[in-house]
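# Coordinates in review
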Amino acid sequence: MEIRPILSAMFRNKLGAILIATQIAVTLAIICNGAFIVYKRYQTMNRPTGMDIENIFAITSEGIGSNHNARAVAAQDLEVIRAIPGVIAASNASSVPLSGSGWGETMQTTLDDNAPTTGTGVYMMSDQAIETLGVNLISGRNFTPDEMLYRDENSGQIPNVIMITQALSDQLFPDENETALGKTVFFDSRPIEVIGIIEHMHGSWVTWDALAQVSIIPVLTLSNQTRYMIRTEPGMRDQVMPQVEEALANVNSQRILRQLRSLEEFAARSYAGDNTIAVVMMTVIVLLVIITAMGIIGLVSFLVNQRTKQIGTRRALGAQKFHVIRYFLVENWLITTIGLSVGLVLTILLNMYLVEHFEMPRLDRIYLPIGLVAIWCLGFIAALGPARKAAHVSPAIATRTV
Amino acid sequence: MLLYNLRLALLSIRQHPILSSLMIAAIGVGIAACITMLNVYYLSAKNPIPEKSNVVFAVQMDNRNAAPDDDPNNPDLPPQQLTYTDAINLLESDLPLRQAAMFKSAFAIQPQQNGLAPYLALSRMTGRDFFQMFDVPFLYGGVWSDDEALAASQVVILNRETNDKLFGGEDSTGRTVVINDREFRVSGVIDYWQPSPNFYDITNGPFNDVEEMFMPFSLVWPLQLDTAGNTSCSGETSVIDSFESFMASECRWVSYWVEFSNAREAEGYRDYIRSYMESQKALGRFEKPINYSVLNVYDYLIAQEIVDDSIKIMVALSFLFLVVCLLNTIGLMLAKLLARTSQIALRRALGASRMDLIRQYIIEIMLIGLFGGLVGILLSVIGLDGIRSLMRANSADALLFEMDWAMVAAAIGISLLASLLVGLYPAVRVSGLPPAASLKTQ
Amino acid sequence: MLKMSNISKIFRTRLIETHALRSFNLTVNDGEFIAVTGPSGSGKTTFLNIAGLLEDFDTGQYMLDGEDISGLPDKSRSKLRNEKIGFIFQSFNLIPDLNIFDNVDVPLRYRDMGAGERKDRIESALENVGLSSRAKHLPAELSGGQQQRVAIARALAGSPRFLLADEPTGNLDSLMARQVMELLESINDQGVTIIMVTHDPELARRAHRNIYLLDGQISDLEEVTQLPLNQNQSQSQRADHAAI
């Protein structure tokens, strides 16, 4: 292995090596941080929602005119919906989880002035909520139909009972041995009894760190607008959606039906930003890999070209073909390694900069060795082609006088 | 001489097609990444109303409940919206040149003609001053009268899209639209107007479509309207049990904007707001230490931090990406030039000075840079389009992903500057090679 | 030591067939100093390439130290070049980015040799050519004559069976040329076989034996000096070559 002479020669003719080493350093920094960003985004997007997200959709009804009997309309609508084959459950819902719209309220365990409050996303639904959302009630009980509160649209009245998620219970009662079940807590500073704990559920705002702190209360607000959430048998959602719209239109034409949309679609819209960043970042990484590979191929080809006479001479002096290949691969490996060493520092610096100014989490250490190995392999594969071409330089070139 | 050098440059590109294409591609891709990100960033941060941005102000007051960690020296940003009570009170002042309270509400439009089904549309409920304050262009008609505003008449201003839909684009001034079973008289139609960001109401996001209609703010009482925007309540919410009690509550759902002839007059207004809040505080409202802001559009948007951090990260990373592409290009340029040392030596022997050669090669690489920039612009348009569909953008959002002419100019500028920097070292180095060494007889 | 019999090489393009070498014969014994001369185009370079195992030939036989060269794979030929032949090129062919020490080192790296042994050989080779003090210099810092002497050191370092020199003084002025020739002569005096290709008759006269090439064939034989060799051998050699 002729590492020392290769290094000596490289230092005397540094430019190509410096160019590629710098490229590799910056590439490593971008790839490690970029891959991390992609991973974090996909992790965020794929968080379990706790609901049967593939089979749920929503539709909104806007009654026209002031004679709108919200309670009767809702009752009729739900009956019609539930009669459609394939529908497992349906409920009124004040807003749709993962949609970006909803009601955020504060909860606390006591009414003391200094009592800590925590936030929750609230859904006004019914005793069919659990079935419709497909969530898991792990302790306590569901609402009974007579606990349903029908309230005027300007009223601030709340029912007596509430179901909350485990995450919310843990936030309210951090002690491991305590649970919110059966206790009276304060919802908007008013007492309410927790009758059921839901294992896990996501609320409306995917960027909110209290996303999993959800509560459900059995309320129907009597206004012109009523929203329904419907859950179907697995795989039947797309078929049932237009059927529901048609059925509702037929039973009552004094209204506008709008926003017929699946829960998956709501989620996709909420996560569109994350998805875009991930896709753009992956594109950049792929392009970067291609460009760096091209750069390496270009440099090694160039060096082979420049050193044709030298290669011939070495062959004349006794180098075998694999010696020639090995020379260029070793040289390329050295350049790559120098670039990667600088790149490691750059990667960490870049990450520190992103962490400080853009609230990005700190880079997971595993990305560094992964990036190193990836670029070593990339360098090797890219240099292989031109290196093998070098091996075909005829030793007779050494005696040519041009 | 320039034309001659350009001709040589084109010839050189044709003689080394692969190498030149690689250079153009490398620059193109790097420029595309930067320009795409810059475009989104630039348009997100763009001043939506430059002619007026420093005389039009958003008014914000903090009526939230007192909290144990309230620090009068370090107040939070006051909430974006005001209560109805405060809006009505502020309207009494004659200090501003123009002012308007506003919110948006949803209505069912019931088209009477051409068999269209009723559909839901948003209307901005606001004062007459809104249109002059924000330079909203009118296509037909004009704003409703003072009397109509006072009387809470059922008048409406349509946007152009709605007018096209309902009246085929004709001048519909004076005609009737049935909304929520009521008849509204059309007082005017506004032309296409989509400030980006829609600064006057960013409570539901900074890039939303302008509402389809405008109606007098005063309609809120007779129609018992509720907002289709955000409502945030402080104070005692349990006592709210009627429309009246809601209107009198500490719930915030009204935006408020004022206009002055110059920024100095706004100072006097700030004093007015302060003394208003102090007098209200004496009545038991405004529990927190007095906290308010009167910010012009530019400052308001910055305070609200509407430019997402993600976009800033992407801009930074894309410039690093451009650096890699440029390093690549330097290498390719060097390779290209070093392959032609005999031609260089020949030219020197025939009398070209070193400067001549440097100029020739700089022009060559800048031509390549120009091509690269054009390729980059093309790729950028494709990229922006791709991002727009990934973002599932509504039409206001989509504006961010339209190539702004300033960005086209930036693309050309950056690629020319970058190629100049890239080409400098290779051109200087190669033109400095002693001619004799490269002159061969074969 | 080296015997080429009936060697022919033909270069074919689509239109032209060039006989670079025709029925070439040569026998070289240990310790000889041979010059192959002729005008340009006579086939000297082809002879050089074939003798140095840089090129293949079409007909004939080439025996080196009793081993038949034809049909050997590239790997074996490379090894033979490395171990048995010491090349000296007209344009020195030193590697510009390596210093003198590393340049002499190059062929040694293709053998299984420890760093210590390499160092010893390089140092003694450099001393042999009188350039020990310049070990850390770059080729560009040396004169043409010095560079060629380095090339000679490189050729000697591996203890080859013979030196193969291609116009060794072609790129040197007359003073340096004389120095290099004197060096070659003294190396030959130490017992190293030298085969030199040159177009300069003055240079050729310094060798013991001349082979004159014209149009790919040996056309004349000139004996310049007497070798202190077995009389029979030199006589039979003369007889062989006179036949063509």
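Being a predicted model, the structure only gives us computed values, none of them experimental.

Here the focus is the state of the cysteines. The tally for this structure, following the rule as stated, stands at 1 disulfide over all chains. Across the disulfide from B:Cys233 sits B:Cys251; the S-S distance is 2.0 Å. Residues B:Cys233 and B:Cys251 share a disulfide whose torsion about the S-S bond is about 105°; that sign makes it right-handed. Of this pair, B:Cys233 sits in strand 10 (residues 232-233) while B:Cys251 sits in strand 11 (residues 251-259), and the two are 18 residues apart along the sequence. On the accessibility criterion, B:Cys233 (38% relative accessible area) is partly exposed. Free cysteine: A:Cys32, not disulfide-bonded; nearest cysteine sulfur from A:Cys377 at 14 Å.

Let us now look at helix 11 (residues 367-391) of chain A. Across its 25 residues, helix 11 of chain A extends 36 Å between first and last C-alpha, which sits within 8% of the 36 Å expected from 1.5 Å per residue. The largest bend along helix 11 of chain A measures about 35° and falls at A:Leu384, with the proline A:Pro386 one to four residues further on.

Another point: the interface of chain B and chain A. With 42 residues of chain B at the interface, the matching set in chain A holds 48 residues. For the pair chain B and chain A, the summed buried surface comes to about 4,000 Å²; carbon and sulfur atoms form 75% of the total. Counting every contact that joins chain B to chain A gives 1 salt bridge. Across the salt bridge formed by A:Glu265 and B:Arg392, the nearest N and O atoms sit 2.9 Å from each other. At the junction of chain B and chain A, the tally comes to 5 residue pairs in polar contact (both at pLDDT 80 or more).

This part takes up helix 12 (residues 354-390) of chain B. With 37 residues, helix 12 of chain B extends 51 Å between its outermost C-alpha atoms, agreeing within 8% with the 54 Å of an ideal straight helix rising 1.5 Å per residue. Positive backbone phi, at 50°, marks B:Arg392, one or two positions downstream of helix 12 of chain B.

Before going further, it helps to spend a moment on the sheet that holds strand 1 (residues 2-12) of chain C. Residues and elements named next belong to chain C. The strand order across the open sheet formed by 4 strands is 2-1-4-5, and the pairing between neighbours is antiparallel. Edge positions in the sheet fall to strand 2 (17-28) and strand 5 (67-68), since each of these pairs with one other strand and no more. Strand direction decides the pairing type here: strand 4 (residues 59-64) and strand 5, joined by 2 bridges, are antiparallel. Paired with Met-63 across the bridge in strand 5 is Asp-68. Of the strands in this sheet, strand 1, strand 2 and strand 4 touch helix 1 (residues 44-51), which is tilted by about 120° from strand 1.

The rules behind each value
Residues numbered from 1 in each chain as written. Chains lettered and ligands numbered in written order. Predicted model: local features only at pLDDT ≥ 70, side-chain atom pairs only at ≥ 80, totals over all residues. Heavy atoms only, no water. Disulfide = S-S within 2.5 Å. Helix = DSSP H or I, 4+ residues; strand = E, 2+ residues; numbered from the N terminus. Buried < 20%, exposed > 50% of the residue type's maximum accessible area, 1.4 Å probe, protein only. Expected span 1.5 Å × (residues − 1). Bend = angle between axes of the 7 residues up to and from the residue. Contact = heavy atoms within 4.5 Å. Buried area = accessible area lost by both parts, 1.4 Å probe. Salt bridge = Lys/Arg side-chain N within 4 Å of Asp/Glu carboxyl O. Polar contact = N/O pair within 3.5 Å; in protein donor to acceptor, adjacent residues only side chain to side chain. Pairing = 2+ DSSP bridges. Axes fitted to C-alpha atoms, helices over the stretch in contact; angles between N-to-C directions.

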